[in-house]
Each structure stands twice: as C-alpha cells, then as structure tokens.
2 protein chains.
Amino acid sequence: MVQKIKVAILGYGNLGKGVELALRRTNDMELAAVFTRRDPASVHILTENVPVLPAAQAVSHKDEIDVMILCGGSATDLPEMGPQFAKDFCTVDSFDTHAKIPAYFEAVDQAAKAGGNVAIISVGWDPGLFSLNRIYAESVLPDGATYTFWGKGVSQGHSDAIRRVPGVKNAIQYTVPIEKAMEAVRSGAQPQLTTREKHLRECFVVAEEGADLSAIEQAIKTMPNYFDEYDTVIHFISEEQLKAEHAGMPHGGFVIRSGETGESGCKHVIEYALKLDSNPEFTSSVLVCYARAAYRMSKAGQTGAKSVFDVAPALLSEKSGEELRAHLL
Amino acid sequence: MVQKIKVAILGYGNLGKGVELALRRTNDMELAAVFTRRDPASVHILTENVPVLPAAQAVSHKDEIDVMILCGGSATDLPEMGPQFAKDFCTVDSFDTHAKIPAYFEAVDQAAKAGGNVAIISVGWDPGLFSLNRIYAESVLPDGATYTFWGKGVSQGHSDAIRRVPGVKNAIQYTVPIEKAMEAVRSGAQPQLTTREKHLRECFVVAEEGADLSAIEQAIKTMPNYFDEYDTVIHFISEEQLKAEHAGMPHGGFVIRSGETGESGCKHVIEYALKLDSNPEFTSSVLVCYARAAYRMSKAGQTGAKSVFDVAPALLSEKSGEELRAHLL
C-alpha cells in the first residue's frame, strides 16, 4: 500500500476545521495531528485517534508530518508563524494581506531554504484561484484590462468594523458587486471604474436597546477605508433575524479580462466566477490540494517559498499524468 | 540588451498568421522565420526582414531558433510533424484530437527526449485553458461534476461536413450551448445531460441553384456523428449573406464544476467562460505564451513532452516573480 501524505493542521478555527473536512475527501492524504495555541483539552476535533497537541511541541513531531497547513490569520498570526514553521516543515498558508505579500514571501523564503523545505504562501481563492486567472488571462491577452469583483459575500473585516461602532450589538456586512459595472466589463469596453461603481456594501445591524440608529448609520457610512468610498445600505434587524438569516459564510466573485488580438483588434473576454456556500470550507479545500503539491515539490528536491504561480497544475491532482491526459486534457 | 526568444512558425494558415500577430504584442519574443510546405515565394507574411523558407530546410536553421510553433492540423499534419520536429526543436502545438492525445504524447515524448528538447502539446483553449480549469476545479472540489459547453461558435469540422452534402454550395455551422442546461448546472444540481440537451446546431446553408432543399435538410439532420444526436436548425441563405454575416470565426464556451465540501454538503460552483471574436487569433495567443514557457523549461534543463498541466503559470508571463507577486497575486 502506498503511504498517505501526512498532514498536520496548526490552528483549529473555521479554516482548520475546513482542512480536516477536506482531507476526508482525498484518498492519498490523512490528518496526522492538530496543533493549537489553546489548551489542547479544550479543542475537540472530528477525527478519531488523531492527537491534539500544543503548538509549542510541533517541532518534536516533525518526522511524523509531511506538510503543516498554517490556519492562522494574516494580521498577526501568519507573519510570525510563516517563517517560524517553514524552518522545520513544508507549509501551506492563506496569507492574504496583498500589500505585504512581497515582504512575507522573502521572510518565508529564507526560512524555508534554511530548513530545506517548500512553503507555499497565499493559497485560497483570492489570493489563489483568482490570482491564477489573472496571470493566465494576462499572459494570453497582454493587451487588455483585468477586473476583479468580489461577492456577493460576507466580509469578516467589515462586519468586525461595524461591531466596533458604539451602540452596535452585532452585524454582518455583505460585499455586493454591481451588475452594471460587470456588464460594462463583459462588453469588452475596458471602462474606468471607481470604487463606488464596482461594489455596494450592504449591512445587517443589530442595535443595542435605546441606541441612536441614525448616529450608528452615520458612523458606519463615513468610516474611512471601510465604507466612505462606497454606497452603503444599512438594515436594522433583530438578533434572532441575524442568527436565522445571516449565519452562513457565503462568498464568491469574478475575475474578468477583456483584451484584443491581431491587426483589426478582435475582442476577447475571459471570465472566471466563484459562487461559494462556505468561504472557509472552500478556502480549506484549496489549501489541501496545495499541500499535496508542497509534498511532491519537496520530494522532487525543491526548497524555498512558492506561490500558486510556481506550482504546475498536475501537482494538485490525485490523478497520474496518464490519467490527466486521457481524461481532463 | 536581453536577447529575445527566437520563435519560428511552421505552417502559415489562420493559426500561423495568428502566431505572427501575437508575437508582435510581446516584448521578449520575436519571429525568426516562417517555414512552409508550399512554395515559399507564394507565402506573403506581415513581418519585414523575416525569411519564409521551405519546411524541409528547417533543421539546417535549428541554431537560429529557440522554439518552433507547429501550426498544422490535428488530423494529418501534427501526428507526423510533432515527433519529427521535437527531435530537433523545442516545440509547441495545438493537437486537439482528444482521443488520440495519449498516443501522440508518447510519440512526441520519445522524440523530444532523444533530442533533449521540450515539446508542449495540445495548447489552445480546448484542449488548453479549458483543461486547466477542469484540473484546478476537480482538484479543489474532488466530489462534484464538471461540464464543458462550447459556443456560440463556428465549428469548422461541422461546416466542412455540410459542404460535402450534394446540392450544398457553401455553409457555416454554429455550435450553440443550451441555456436551460447551463442554468441547471449552475444551480449545483449536477444533472445528467444528453448530447441533445447540451448543444444545438445552427446551420447557414447556401444551396446550389435548383437543389432540393428538403433533401439537403434531411441529409444534414440525419448525418451520423455530426448531427444525428442533436437538434439542428437550418437556414438557407444567399452566398452574399453568408459572406456579409458569417465571415468571422467567433467561438467560446464554458467549463462549470459544481461540488460540495464539509459534513453538511456546502455547495460551490466554479465557472470559466470564454467569448472570442476570433478562434484562431485567440488560440495563437495561447500558443505564444506557452512558447515562452517551453523556452524557459528547456533552459532549466527539462526535456520531453509536456501538456499545460506540467507548466507552472509563472513560466507563461513576461513579468518576473517579484512583479507577479506584487501585482497579480
């Protein structure tokens, strides 16, 4: 019997749990351990006979683990965890602070090279599958313009920002792409679009009893960076309604490139769209197939930090080269 | 100054001309020569100061060429050309007879390895970009179903088949995806669809004077393999109308995968769509960026036949790793 790829999870939140679930849908990978910075006794995982261990002990288990999937957040967890774990493990993470990717890549690259490991950073759908579509579309149509639209989906960052407004008890924010802008892009017209023209922000807010609703509305709509450059729609609802109707974590979006070829300027439109019931479960599924690639690249003697741009698609699939050419090419 | 990648074209039809045009939109590649099996004096290319030479003399120019793009047809040209040229050149081709890809890959692989070259086969949009979307989507969502729809677009094979019907002077056939089937797929329902339910065939036919139109209609609609399994719509039009309204070579299509994750079966839909004004110009643009990859893979010491599955996306782009991570990731 062929040995399965042994995968460990660092951090057991929505993403870590999603990785555990995604591993169950593979035939060639298995969960080896879950590492946590919480008290391991307080963390209950779904898989039987798999240990939950303190993150601090991870290094002593390195020989039992082929790939460590880092399921921490990009704000404070990953900038520290990424370089630290890449020294001892092949890693995959979902670092998604776009502006800080170059510096993060360098830090992880140094650590991974020093340890002789492969570390694939910024894996998921954006960055991740959307990035892939941007590079393929731009490489094929160098003369053109690429547009990314997000939603309709829940933005955790914007929901959290609303929750910090005085008088707000709870809130969920949806990012909504504006159909008119998407249609203009699909026409091949390559329009110049402002932030306001591309996305709408729709908020479902539970106010504390007696709170000044118009003050809350004003505070949200004028919040710098988060809302001031957008048209924002606010609905005040009850806590029960929020729980009943807005408990899911749907998301999605679109990458559209239009460009031209030839002497007469033939127009072409390439569109990629995701519609996701669960953002964390989908992101986890992407992480898991890149863990397969990290393992294979490491076995092939590669080291250092990689992004999705550096990974040949065949490395993501359970299927052999022969099967892929016969059935998917 | 950095040396440009020197690309040669074998075969100067629609595809070869498209490659010439696509090379003009790159900064790092240039046309080195066009090889033809016709009389070179009869072939007029757009680029000045580039030689048009007999295909039989190609080998004597191998030191002046980094990559040869094989612009022949899949039926008779490529099965011979592919292995023959991969012995002496790094090559890229658009071999698209799906059922024969495994055997073609083996033949080209042997030749490319013997010659120490990289040969990327079956490049274009299907096989090609559509194949990439099938492998990415299936790797991320192993439990699900993938559907490919083609059109609306001109099928040369079906147009040619109609032209062979007695009494037909000229014809163009459009493959049309059926919206109802696509909507069912997008809903995540994973429907079982028959050939007839997925695509419609729409034909614009110029009949010879005095021809029996109902006999033509009958002959087309019952033609085995090409039309008998489809609903076919036939319009008789004049030669002038055909030239005025159906001279383009538009095409496109959709790859849609729906699948589920997690314990509760969260649904996700991944959709990729192309809308192309010119099928050959777009296909040529894909060939050109894979020529860049073939050159880089060869410089990195690789040899043998490859498909789009084996090519890391970064190899397709003019941009450096740093630029890609900063701007596209």
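S.K.: I'd love a proper account of the overall build of chain A, names of residues and values included.
M.R.: The secondary structure content of chain A amounts to 11 helices and 14 strands. The globule rule puts the C-alpha radius of gyration for 329 residues at 20 Å, and the 22 Å found for chain A is close to it. The principal-axis extents of the C-alpha atoms in chain A amount to approximately 65 × 60 × 35 Å. Within the span of chain A, comprising 329 residues, buried residues form 57% of the whole. The contacts of chain A with a sequence gap of at least 6 include a subset with a gap of at least 24, amounting to 69%. Here chain A has roughly 13,800 Å² of accessible surface; of this, 49% comes from carbon and sulfur atoms. Side-chain charges of chain A comprise 32 positive and 42 negative groups, with the mean position of each set lying 2 Å from the other.

S.K.: Lay out the pattern of salt bridges with the relevant residues and their values.
M.R.: Scanning the entire structure with this criterion turns up 40 salt bridges over all chains. The residue Asp-88 of chain A makes a salt bridge to Lys-62 of chain A at a minimum N-O spacing of 3.4 Å. Here Asp-88 of chain A is found in the loop between α2 (77–86) and β5 (90–93), whereas its partner Lys-62 of chain A is found in the loop between β3 (52–54) and β4 (67–70), with 26 residues between them in sequence. In this structure Asp-88 of chain A comes out as partly exposed when scored by relative accessible area, which is 23%. For Arg-325 of chain B, the salt bridge identified is with Glu-322 of chain B, shortest N-O distance 4.0 Å.

S.K.: Could you give me a rundown of helix α2 (residues 77–86) of chain B, with the residues and numbers involved?
M.R.: An α-helical turn contains 3.6 residues, so any two residues separated by three or four positions project in the same direction. Residue and element names in this part refer to chain B. Most of α2 is tucked away, with seven of its 10 residues classed as buried. Those residues of α2 not exposed but buried are Asp-77, Leu-78, Met-81, Gly-82, Pro-83, Phe-85 and Ala-86. Each element contacted by the buried residues of α2 is listed here: β1 (5–10), β4 (67–70), β5 (90–93), α3 (101–115) and β6 (118–120).

S.K.: Help me get a handle on the sheet that holds strand β2 (residues 29–36) of chain B, residues and values and all.
M.R.: Residues and elements named next belong to chain B. If you walk across this open sheet you meet the seven strands as β3-β2-β1-β4-β5-β6-β14, and the pairing is parallel. Both outer strands of the open sheet, β3 (52–54) and β14 (304–306), are each paired with one neighbouring strand and no more. Across the sheet, the axes of successive neighbouring strands diverge by a mean angle of 25°, strand direction being ignored. In this sheet, β14 lies alongside β6 in parallel orientation, the contact comprising three bridges. Looking at the pairing, Ile-120 lines up with Lys-306 of β14. Where α2 meets the sheet, its contacts fall on β1, β4, β5 and β6, and the angle it forms with β4 comes to roughly 175°.

Rules of the game
- Residues numbered from 1 in each chain as written.
- Chains lettered and ligands numbered in written order.
- Predicted model: local features only at pLDDT ≥ 70, side-chain atom pairs only at ≥ 80, totals over all residues.
- Heavy atoms only, no water.
- Helix = DSSP H or I, 4+ residues; strand = E, 2+ residues; numbered from the N terminus.
- Rg over C-alpha atoms; globule rule 2.2 N^0.38 Å.
- Buried < 20%, exposed > 50% of the residue type's maximum accessible area, 1.4 Å probe, protein only.
- Contact = heavy atoms within 4.5 Å.
- Areas by Shrake-Rupley, 256 points an atom, 1.4 Å probe, with all protein chains shown as cover.
- Lys, Arg positive; Asp, Glu negative; His and termini not counted.
- Charge placed at Lys NZ, Arg CZ, Asp CG, Glu CD.
- Salt bridge = Lys/Arg side-chain N within 4 Å of Asp/Glu carboxyl O.
- Pairing = 2+ DSSP bridges.
- Axes fitted to C-alpha atoms, helices over the stretch in contact; angles between N-to-C directions.

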